[in-house]
Amino acid sequence: MNGLNEWLKQIAHNYALIVIAAIVFFAVKAVIGFITFKHYDKQLKMVNQKLNTLLEDKNKMD
């Protein structure tokens, strides 16, 4: 544990830690964005399908 603490103290003054944190942050942000996109894309497709069904029913009645 002491070895890990010493290593962290050495790298803390480096920009490497900042770069690693930025890469991890943007990777997690990209994954969350992709999951959110898929969720709302699925909902939009469902709404579009319902709208098309309603329009088809309306055209059949005319």
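For the structure itself, consult the block above.
Since this is a predicted model, take the numbers as computed values, not measurements.

## Remarks on the overall build of the protein
So, step 1. Across its full length, the protein holds two helices and zero strands.
So, step 2. On C-alpha atoms alone, the protein measures out to a radius of gyration of 25 Å, which is more than a quarter above the 11 Å that the 2.2 N^0.38 rule sets for 62 residues.
So, step 3. Reported as C-alpha extents along the three principal axes, the dimensions of the protein are approximately 80 × 20 × 5 Å.
So, step 4. In the protein, which comprises 62 residues, the proportion classed as buried is 2%.
So, step 5. Accessible area for the protein stands at about 6,100 Å²; split by element, carbon and sulfur atoms hold 68% of it.

## Points about the pattern of salt bridges
So, step 1. Scanning the entire structure with this criterion turns up one salt bridge.
So, step 2. A salt bridge links Asp41 to Lys45; the shortest N-O distance between them is 3.6 Å. In this pair, Asp41 and Lys45 both sit in helix α2 (residues 16–61), four residues apart, roughly one turn of the helix.
So, step 3. Here Asp41 falls in the partly exposed class, since its relative accessible area comes to 23%.
So, step 4. Exposure remark for Lys45: the relative accessible area of 55% places this residue in the exposed category.

## Notes on the packing of aromatic side chains
So, step 1. Applying the stated criterion across every chain, the model contains one aromatic pair.
So, step 2. With a centroid separation of 5.0 Å and 75° between ring planes, the pair formed by Phe25 and Phe26 is classed as edge-to-face.

Conventions used here
Residues numbered from 1 in each chain as written. Predicted model: local features only at pLDDT ≥ 70, side-chain atom pairs only at ≥ 80, totals over all residues. Heavy atoms only, no water. Helix = DSSP H or I, 4+ residues; strand = E, 2+ residues; numbered from the N terminus. Rg over C-alpha atoms; globule rule 2.2 N^0.38 Å. Buried < 20%, exposed > 50% of the residue type's maximum accessible area, 1.4 Å probe, protein only. Areas by Shrake-Rupley, 256 points an atom, 1.4 Å probe, with all protein chains shown as cover. Salt bridge = Lys/Arg side-chain N within 4 Å of Asp/Glu carboxyl O. Phe/Tyr/Trp six-rings, centres within 6.5 Å; stacked < 30°, edge-to-face > 60°.

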